[in-house]
Amino acid sequence: MTSVIVIGAGIGGLATAGRLARQGYQVSLFEKNAHPGGRVSFLEKDGYRFDAGPTLFLMPEVFAETYTALGERMQDHLDLVRLDPTYRVHFHDDSEIDLSSSMEKMRGQLDAIETGSFESFLRFMAEGYRHYNLSLERFVGRNFTSIYQYFSPANIPLLFKLKALIKHADNTARYFKDPRLQAAFSFQNMYLGLSPYDAPATFSLLQYTELADGVWFPMGGMYKVIESLASIVEGLGVRFHYDTPVKQINVEGKRTTGITLEDDSRIPADIVIANADLPYVYDQLLPDDGTATRLSQKKFTSSTLMFYWGVKGERSPELLHHNVFLADHRYRDSFDSIFKDLTLPEEPSFYVCAPTRTDPSFAPQDGDSLMVLVPVGHMDENNSQNWASLEARARNTVIERLTKLGVKDLENRITFEAKWGPPYYRNALNLMKGSAFGLSHNFTQVGYLRPHNRHARFGNLYFAGASTHPGTGLPIVLLSAQLTVERILAEQALPSQRSFQIPSQLMERV
Ligand SMILES: Cc1cc2nc3c(=O)[nH]c(=O)nc-3n(C[C@H](O)[C@H](O)[C@H](O)COP(=O)(O)OP(=O)(O)OC[C@H]3O[C@@H](n4cnc5c(N)ncnc54)[C@H](O)[C@@H]3O)c2cc1C
């Protein structure tokens, strides 16, 4: 039986392991932490519960495809609720907009902010629809094994159709004059840790998918996705090894021969797949051939300062399940602070998740559970960053703004608090530079130009996860697992599969 080792039990590692086990491979999975999920994690204390990583469940059809590929039905494992409004966006001048799939609700709100902007919104959504379908079909949902496939004569016009060379913020400004609407339809790049002033306009697909396919919530929380996948994958025969960090990927000539663990034991394998963050894998687990240095010079996504607050007392009616607070007229400068100066903007934008609005079990009856995400620059190896002081400033900003909104006596009602930041991501999850979303997605770091899902020299070493093709975000990482497995099946067929293969010349005659 062909043996496979997967390094990392992030959502990408779980999906890859399960898909291969279902194809008859003998799969072992090694995870440094005590539980699966990686960036998708869960905190619980005194009845207060928190999704500690992702909170937005987008593109449900991609999740459903993964469950199907593992022989299951998503609806048997997840109780999904569609959220509408998807979220409330608060602007610096105290005005707000509830983004909704109801066109009537959108018309009234948009035209109140900018006359005629509802028509622009419809055109913007139509463009997002085109971007979504074209990029999924032609770029995101397929492997590129040669540069000629990527820059093929058929693909070049697509780069223009997808507005890949135009910045998202510039494109949004073509549709909306009011800076608040420009911000409301471009900040979503931050889900991928990108600046709208750097991300390609292709990403208008994000706003489209949110309102058309919806923003969903699995009752019980996002970690339900991980719990269900881990149990399905285990049922398919994958052997899990938790608390078992991999120290090295062993190589000989042009192949990997397996892995070495922290205790120096060597585990052989026919195929190795690294789900751990790809730049870290080149830097720490593979022999130095210069790639790690080149990767470290690429653009990385932002990081985040996270606060998890168990709040005693009333569940403030001012907050919906998802709430976004955007910075003032220095909105553009705030992205420069994050992506160029690698710090916290003077006036940070932030996001608050209050899941009790959908699932009351996230907090005791007389309390609330709030998760706050404040985007911040990733770690800077050339300059020291005072994380404690940035964290304190972010915390004050959030408390002040929520108090201004009407959340009463917040500071004194916080009875439980946990805080995570870039050093946590680097130390706990081995994310290079503590960058929360991995390598960035600017034009030179996507498609064929993104690090490939197979090592250039070691032909049986593969990658699946956020920093390889196609990129970051849960559904996109699930696609990464699918594409990596497709490539393995094409390149490393099991001996049993090989003996049944009919040569292509014969096939043509049949
Ligand atoms: C705060 C935050 C909010 C987010 N919000 C959203 C959202 O709302 N919606 C969305 O779709 N996406 C969101 N994302 C992005 C999403 O979480 C990631 O893109 C995705 O989880 C990455 O999965 P992965 O499998 O590639 O990597 P990871 O989750 O990083 O998994 C890699 C695994 O490898 C393990 N590992 C590392 N080194 C070793 C080693 N040496 N040996 C063994 N194991 C090792 C790690 O412990 C980890 O478990 C968010 C991310 C963050 C951080």
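Q: A description of the confidence of the model for the protein chain should follow, citing residues and the corresponding values.
A: Taken as a whole, the protein chain shows an average pLDDT of 93; of its residues, 96% reach a score of 70 or greater. Considering only residues more than four positions removed or in separate chains, one finds that residues 498-510, a stretch of pLDDT under 50, has three contacts.

Q: Outline the site of the ligand, supporting the account with residue identities and numerical values.
A: Close to the ligand lie 38 residues, the nearest being Glu31, Arg39, Tyr280, Ala466 and Leu474. Between Gly38 and the ligand, the recorded distance is 3.5 Å, taken from a backbone N or O atom to an oxygen atom. Take Leu56: an N or O atom from its main chain is 2.9 Å from an oxygen atom of the ligand. Across the complex, the protein chains shield 97% of the 1,000 Å² of accessible surface that the ligand would expose by itself. If you list the elements that add at least two residues to the shell around the ligand, you get helix H1 (11-22), strand E14 (303-312), helix H16 (422-429) and helix H17 (474-491). For the shell around the ligand, the per-class residue count stands at 21 nonpolar, 14 polar and three charged.

Q: So what's going on with the pattern of salt bridges? Which residues, and what values?
A: Pairing between side chains of opposite charge can happen when the charged atoms of each approach one another. Under the defined criterion, the tally for this structure stands at 24 salt bridges. Salt-bridge contacts for Lys404 lead to Asp94; the nearest nitrogen and oxygen are separated by 3.3 Å. Of this pair, Lys404 sits in helix H14 (residues 387-405) while Asp94 sits in the loop between strand E6 (87-90) and strand E7 (96-99), and the two are 310 residues apart along the sequence. Grouping residues by exposure puts Lys404 and Asp94 together as exposed. Here Arg180 ties to Asp178 by a salt bridge, and the two come within 2.9 Å at their closest N and O atoms. Each member of the pair, Arg180 as well as Asp178, is classed as buried. Taken together, the shared-partner salt bridges in this structure form one network comprising Arg88, Glu96 and Asp98.

Q: How would you explain the packing of aromatic side chains if you had to name every residue and give the values?
A: Going through the model one piece at a time under the given rule, you end up with 30 aromatic pairs. Ring geometry for Tyr132 against Tyr208: centres 5.7 Å apart, planes inclined by 50 degrees, an arrangement best described as tilted. Residue Tyr132 is located in helix H4 (residues 117-140), and its partner Tyr208 is located in helix H9 (residues 204-212); the two are separated by 76 residues in the primary sequence. Residue Tyr132 shares its accessibility class with Tyr208, and that shared class is buried. Each ring, one from Phe144 and one from Tyr150, has its centre 4.9 Å from the other, and the planes form 75 degrees; the classification is edge-to-face. By relative accessible area, Phe144 is classed as buried at 5%.

Q: Break down the packing of H4 against helix H7 (residues 168-175) for me, with residues and values.
A: Where H4 contacts H7, the two axes come as close as 9 Å, and the packing angle between them is 140 degrees. In terms of orientation, H4 and H7 fall into the oblique class. Two secondary-structure elements touch here, H4 through Ser120, Arg123, Phe124 and Glu127 and H7 through His168, Asn171, Thr172 and Tyr175. Taken together, the residues of the contact of H4 with H7 sort by class into two nonpolar, four polar and two charged.

Q: Run through the sheet that holds strand E12 (residues 266-268), naming residues and quoting values.
A: In space, the three strands of this open sheet follow the order E10-E11-E12, with antiparallel pairing throughout. Each end of this open sheet is capped by a strand with a single partner; those strands are strand E10 (246-252) and E12. With strand direction ignored, the average angle separating the axes of adjacent strands in the sheet is 30 degrees. Relative to E12, strand E11 (residues 255-261) runs antiparallel, the two being bridged by three bridges. Counted as the bridge partner of Ile259 is Ile267 from E12.

Q: Go over the side chain of Arg450, please, and point to the residues and values.
A: Mapped onto the elements of the fold, Arg450 is located in the loop between H16 and strand E19 (461-463). Within the buried core, Arg450 has no salt-bridge partner, and the shortest N-O distance to an opposite charge, that of Asp277, equals 7.5 Å. For Arg450, the side chain forms a polar contact with the main-chain oxygen of Leu439, separated by 3.1 Å. A distance of 2.7 Å separates a polar atom in the side chain of Arg450 from the backbone oxygen of Ser440. When sequence neighbours within four positions are dropped, the list of residues in contact with Arg450 reads Leu439, Ser440, His441, Gln445, Ala466, Ser467, Thr468, His469, Pro470, Gly471 and Thr472.

Q: Requested: an account of the environment of Tyr351, with residues and values cited.
A: Structurally, the position occupied by Tyr351 is in strand E16 (residues 350-353). Here the alpha-carbon distance between Tyr351 and Val398, two residues 47 residues apart in the chain, equals 9.2 Å. Filtering out sequence-adjacent residues up to four positions away, Tyr351 remains in contact with Thr55, His322, Asn323, Val324, Met371, Val372 and Leu373. Engagement of the side chain of Tyr351 in a polar contact is seen with the side chain of His322, the distance being 2.7 Å.

Q: Report on the nonpolar core, specifying residues and quantitative values.
A: The tendency in soluble globular proteins is for nonpolar side chains to be buried as a group. Ranked by internal contacts, the top residues of the largest apolar core, which has 107 residues, are Ile11, Val27, Val89, Phe121, Phe185, Ile273 and Tyr308. When residues in this core are grouped by element, the largest group, eight residues, is from H17. In this structure Val89 touches Ser95, Glu96, Ile97, Leu99, Phe187, Val324 and Leu326, once residues within four positions along its chain are discounted. With 25 residues, the next largest nonpolar core counts Ile259, Leu261, Ala276 and Phe463 among its residues.

What counts and how
- Residues numbered from 1 in each chain as written.
- Predicted model: local features only at pLDDT ≥ 70, side-chain atom pairs only at ≥ 80, totals over all residues.
- Heavy atoms only, no water.
- pLDDT = per-residue confidence, 0-100.
- Contact = heavy atoms within 4.5 Å.
- Near = heavy atom within 4 Å.
- Polar contact = N/O pair within 3.5 Å; in protein donor to acceptor, adjacent residues only side chain to side chain.
- Areas by Shrake-Rupley, 256 points an atom, 1.4 Å probe, with all protein chains shown as cover.
- Helix = DSSP H or I, 4+ residues; strand = E, 2+ residues; numbered from the N terminus.
- Nonpolar A, V, L, I, M, F, W, Y, C, P; charged D, E, K, R; others polar.
- Salt bridge = Lys/Arg side-chain N within 4 Å of Asp/Glu carboxyl O.
- Buried < 20%, exposed > 50% of the residue type's maximum accessible area, 1.4 Å probe, protein only.
- Phe/Tyr/Trp six-rings, centres within 6.5 Å; stacked < 30°, edge-to-face > 60°.
- Axes fitted to C-alpha atoms, helices over the stretch in contact; angles between N-to-C directions.
- Parallel < 35°, antiparallel > 145°, perpendicular 65-115°, else oblique.
- Pairing = 2+ DSSP bridges.
- Lys, Arg positive; Asp, Glu negative; His and termini not counted.
- Core = buried A, V, L, I, M, F, W, Y, C linked by side-chain atoms within 4.5 Å.

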